[in-house]
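The chain contents come next:
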Amino acid sequence: MHLDALFTNGRFTTLDADRPTAHTLGVFGGRIVGLDEEVAGCTAERVHDLGGAPAVPGFNDAHQHLSMRGRRLLELDLHARTVPTLDALYAAVRERAARLGPDEWLFGAGYDQNKIGAHPTAEALDEAAQGRPVWLEHVSCHMGVGNTAAFTRAGFTGRLGVPDIDGGHVERDPDGRAAGLLQETAQHLVTRAFRPSPLDSVVAAIRAGNDQGVSEGITSLTEPGIAAAEHVGHGPADLYAFHRAVQEGALTIRTTVMPYMTVLHDMGAVGDGDTWFGLDLGLRSGFGDDRLKVGATKIATDGSLIGRSAHMCCGYHDEPDNVGFLQFDEQWLRHTITEAHRCGWQIAAHAIGDAAIDVVLDAFEAAQAAHPRRDARHRIEHFAVASDKQVRRLVDNGIVPVPQGRFVSEIGDGMITALGPERAELCYRMRSLLDAGAVLPGSSDAPVAHGSPLLGIHDMVNRRTAGGAPLAPAEALTAEQALYAYTVGSAYAEHADDRKGRLSRGMLADFAVLSDDLLTVDPQRIDTLSVGATVIGGSVVHDCGALSG
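Basis of the calculations
All residue numbers here refer to positions counted from 1 along the written sequence of the relevant chain. A pLDDT threshold of at least 70 governs which residues receive local features in this predicted model, and a stricter bar of 80 or more applies before side-chain atom pairs are shown or counted, although totals over entire chains, interfaces and linings include all residues. The side-chain values count all of the structure's non-hydrogen atoms but skip hydrogen atoms and water molecules. By convention in this document, the label disulfide applies to cysteine sulfur atom pairs within 2.5 Å. Each residue gets one of three labels from its accessible area relative to the maximum for its type: buried under 20%, exposed over 50%, partly exposed in between, using a 1.4 Å probe on protein chains only. Note: two strands are recorded as paired if DSSP finds a minimum of 2 bridges between them. Going along the chain from the N terminus, every DSSP run of H or I of four or more residues is numbered as a helix, and every run of E of two or more is numbered as a strand. The handedness rule is simple: strands pointing away from the viewer, and a clockwise path from the first strand over the helix to the second, make the crossover right-handed. Throughout, an axis means a line fitted to C-alpha atoms (over the contacting stretch in the case of helices), and angles, computed between N-to-C directions, take values from 0 to 180 degrees. For this analysis, residues touch if any pair of their heavy atoms sits within 4.5 Å. Every helix has an expected span of 1.5 Å times one less than the residues it contains. For cavity detection a 1 Å grid was placed over the protein atoms alone, and a set of points counts as a cavity when a 1.4 Å probe fits there but cannot get out; an open set counts as a pocket when protein lies on both sides within 12 Å along at least five of seven lines, with lining residues being those that have an atom within 4 Å of a point. Grid points are joined across faces, edges and corners, and a volume is the space filled by probe spheres set on the points. We call Asp, Glu, Lys and Arg charged. Ala, Val, Leu, Ile, Met, Phe, Trp, Tyr, Cys and Pro are nonpolar, and the rest, Gly among them, are polar. Any angle between 65 and 115 degrees counts as roughly perpendicular, while under 35 counts as roughly parallel, over 145 as roughly antiparallel, and the rest as oblique. Handedness of each helix crossing follows the sense of rotation of the near helix against the far helix: counterclockwise by less than a right angle gives left-handed, clockwise gives right-handed. Two aromatic rings, drawn from Phe, Tyr or Trp (for Trp, its six-membered ring), form a pair once their centres lie within 6.5 Å of each other, and the interplanar angle then sorts them: stacked below 30 degrees, edge-to-face above 60, tilted otherwise. The criterion is that NZ of a Lys, or CZ of an Arg, lies within 6 Å of the ring centre and within 35 degrees of the ring normal, and then a charge sits over that ring.

Draft legend 1. Expanded view of the state of the cysteines. This model, assessed by the stated rule, comprises 0 disulfides. Here Cys314 is not cross-linked by a disulfide; its sulfur's nearest cysteine counterpart is in Cys313, at 3.6 Å. Here Cys314 falls in the partly exposed class, since its relative accessible area comes to 37%.

Here it is, written out as C-alpha cells:
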C-alpha cells in the first residue's frame, strides 16, 4: 500500500491501552492506518524520521481564546514579566503612544493589579497617552480600564454620565465620575466604541494565535465564546472570520467555536407546534467538520477570582463584605439554559465561585428534568472553587468540568490571597474530580494564562504558585493523568473522543514530537520540555528540526 506519510524511528506514546507504544506510524487521508508491523512494507509520498524522539497525541486545549490570544500578541504587552510595576505600565503606554497618530486607539492587555499594586486610572493614562484613547484589558479579560478620551469616544464626555450596569461594575471617583475601571458587562460601555472589530484584524489575530499554538504542539482547541462583541467575541461575523482563516491557511489547528449564548434567540414555530431556540438555519452544536465546527454555546455566569467578581457563597478573605455577583439574572439563566438544552445544544457555563456553580448545577438539573437527553456532556468552565458535594453533583449529572492548570503558577498567589488558606484547598480541583469519576480535560484559558500545554501539565503535576506556595497540593496529578486530560479528556469534552486523543488505527493523525519523554522526565522539569514538531492530519505544520526526510 502506498501511503501519504510514514513517520519512523519515533517513541510514540499512544494512550491506547491495546498498544501503548509504537515506533512507526502510517497516514492516509489524514488518519492513522497502522502502527509498526501494520505498515511494514508500505511506501509513502513522504517519510519522516523522528530520530528516536518521543511523541505524544496532539495537545487539545479545551478552553483557549485563540483569536484573543493572537490579538494580544499584536497589542501592547502588559504582563508583569514585561511591566512589573504600575509606573512601568504608564511608561510603556507613553512609549507606545509616541509612535501612534494623534487620534489612534492604543490597546494593551495582560496587567494584573495583584502584581503591580493597583489598577491604572483614567487620569494617569490621559497624561501618558497625550490625548489618544486607551483601552487596557486586565489579564483575566473580566475587566479593563479606559482613559478619558476612550470614554469620550464611547459617548461619555469627561467620563460623565456613565450609568451603572446590571452584571457589571463601574469604579467611580469620589465625585461620581467613572475612574476608568469597568468590570464584567460594564466593559461594553467603552468597548462598543471600537467593536465589532474589522474582519481583516480578526483573521490576522487568528493567524497569530494559530502560529503560536502549533509551535506548542496544539493540534485542536475550543474557542470559548464568539460573536457577542458586548461580552465575548469580536463581532457578529466571527464564524465567517474563522472560516476565512481556514480557507486562507491562517488556521491549521482543528477548532471548535462556542457561540455566546446571548446571540441565540427564539425563532418561533418550526412546524408541528414545535418552537426553536438557537441560531438561524437551525444551526446547533456539532455543525461543521474536523477543521472547524460549532460546539457548545457559552455563557459566563460570574466573574473572576483575582478580580473579586466571582460569585461566592461567602465573602472574600481580603474583602469579607464582597461576595461577587452574577452577570445575568438567575431566572434568565435557568430559562435560557433550558431552552438551549431542549434544542440540542451542548452548554458551557463559566462558573468560578461556589455560589455560581450551584446556580449552574441547578439549571442543568432543571433542564435535564424537563427535557431528558442522553450524553449531553454539558460543561462547567473553570469550576474553580468547589466543595465535595458539588464535585459529586457534577459527576452524578455527567457534567464535564474544565479547570485550568496553568492558573496555579500564574495567578495562584492572587487566588490564595482572595480565598484565604482554608478555601484555597478547594481551588481548581483535579485529583478529586478524577477520583470521583469525572472526565477531566486540559485547558489554559489563554491569553489569561500562557497557552503552552507543557506548562499547563507542569502545573497540574506540581501545583506550585509563582511565589513558591503550594496550591491545593492534594489535587496534583501524575504526568500521565495530565497528558490524558490534554488529549483524550479534551476530545471527550467536545464529543470527539471517537477520533481524537489517541494514536491508533482510524484516529486523526495528530501528534507532537517532544524534546524528552514527558512521562519519565523529572516532574519538576516538565516546564523545560519543548516541542520539536507538530503534525496535524499527517501534515507537518511546525518543525524545529525534529524531523528528517
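Still to come is the rest of the account.
Draft legend 2. Here's a closer look at the pairing of strand 22 (residues 379-382). With 4 bridges connecting them, strand 21 (residues 347-351) and strand 22 associate as parallel partners. Bridging across to strand 22, Ala351 finds its partner in His382. You can see the chain leave strand 21, run along helix 10 (residues 354-370) and come back into strand 22, and the turn it takes is right-handed. Relative to strand 23 (residues 400-402), strand 22 runs parallel, the two being bridged by 3 bridges. In the sheet register, Glu381 faces strand 23, and the bridge partner there is Val402.

Draft legend 3. The sheet that holds strand 1 (residues 2-8), seen in detail. On the basis of which strands lie adjacent, the open sheet formed by 4 strands has the order 5-4-1-6 and mixed pairing. Two strands in the sheet have a free side with no partner beyond their single neighbour: strand 5 (31-35) and strand 6 (43-49). Averaged over all pairs of adjacent strands, the angle between strand axes in this sheet comes to 25°, irrespective of strand direction. Taken together, the 4 bridges between strand 4 (residues 25-28) and strand 5 define a ladder with antiparallel strand orientation. Bridge pairing links Val27 to Ile32 in strand 5.

Draft legend 4. Highlighting the sheet that holds strand 14 (residues 178-184). With mixed pairing, 6 strands are arranged side by side in an open sheet as 9-10-11-12-14-13. At either end of the open sheet lies a strand with only one pairing partner, and these are strand 9 (76-77) and strand 13 (168-172). Note that strand 9 and strand 10 (residues 106-111) share 2 bridges and pair parallel. Its bridge partner being in strand 10, Leu76 is matched across the sheet by Gly108. Seen against the sheet, helix 1 (residues 66-73) touches strand 10 and strand 11 (134-138) and runs at an angle of roughly 130° to strand 11. Contacts from helix 4 (residues 122-129) reach strand 11, strand 12 (143-146) and strand 14 within the one sheet, and its direction differs from that of strand 11 by about 125°.

Draft legend 5. How the structure looks around helix 13 (residues 412-424). Given a rise of 1.5 Å per residue, 13 residues ought to cover 18 Å, yet the end C-alpha atoms of helix 13 are separated by just 9 Å, more than 12% below that figure. Those residues of helix 13 that are buried lie in contact with helix 12 (407-410).

Draft legend 6. Examining helix 15 (residues 453-462) more closely. The buried count for helix 15 comes to 9 of 10 residues, which makes it a mostly enclosed element. Looking only at helix 15, the buried set comprises Pro453, Leu454, Leu455, Gly456, Ile457, His458, Asp459, Met460 and Val461. Among the structural elements, strand 8 (59-61), strand 15 (218-226), helix 12, helix 16 (479-493), strand 24 (511-514) and strand 25 (531-536) are those in contact with the buried residues of helix 15. After helix 15 finishes, the residue Arg463 shows a positive phi value of roughly 55°.

Draft legend 7. Just the pairing of strand 20 (residues 297-300), in detail. The alternating pattern of strand 20 places Thr297 and Ile299 and Lys298 and Ala300 on opposite faces, both of which are buried. Looking at chain direction, strand 20 and strand 21 are connected through 4 bridges and run parallel. For Ile299, the partnering residue across the bridge sits in strand 21 and is Ala349.

Draft legend 8. Empty space enclosed by the protein, seen in detail. Counted by the stated rule, this structure contains 5 cavities of 30 Å³ or more. In this structure, the largest cavity occupies an estimated 440 Å³ of space. Looking at the largest cavity, it is lined by 32 residues, and the ones nearest its centre are Met68, Cys141, Gln187, His231 and Val232. Here the lining of the largest cavity gets 3 residues from one element, more than from any other, and that element is helix 1. Partitioning the lining of the largest cavity into residue classes produces 8 nonpolar, 16 polar and 8 charged. Of the pockets and cavities examined, the second largest cavity occupies roughly 110 Å³. In terms of lining residues, the second largest cavity is bounded by 14 residues, among which Ser304, Ile352, Phe407, Ile411 and Tyr428 are the most central.

Draft legend 9. Quick look at the packing of helix 7 (residues 199-214) against helix 8 (residues 238-247). Between helix 7 and helix 8, the least distance of the axes is 9 Å, while the angle of their chain directions is 55°. One way to sum up the angle between helix 7 and helix 8 is to call them oblique. Helix 8 is crossed by helix 7, and the crossing has right-handed handedness. Between helix 7 and helix 8, the residues in contact are Leu199, Asp200, Val202, Val203 and Ile206 and Tyr240, Ala241, Phe242, Arg244 and Ala245, respectively. Residues of the contact of helix 7 with helix 8, tallied by class, amount to 8 nonpolar, no polar and 2 charged.

Draft legend 10. Quick peek at the packing of aromatic side chains. Counted under the stated rule, the structure contains 8 aromatic pairs. Measuring from ring centre to ring centre gives 5.0 Å for Phe7 and Phe511, while their planes differ by 85°; the resulting arrangement is edge-to-face. Of this pair, Phe7 sits in strand 1 while Phe511 sits in strand 24, and the two are 504 residues apart along the sequence. The interplanar angle of 80° and the centroid separation of 6.3 Å between the aromatic rings of Phe59 and Tyr486 together place this pair among those described as edge-to-face. One end of the pair, Phe59, is in strand 8; the other, Tyr486, is in helix 16, and 427 residues separate them in sequence. As far as the burial class goes, Phe59 and Tyr486 line up, both buried. Among the aromatic side chains, those forming a connected cluster through ring pairs are Phe7, Phe12 and Phe511. It is Arg377 that lies over the ring of Tyr492; its NZ or CZ is 3.8 Å from the centre.

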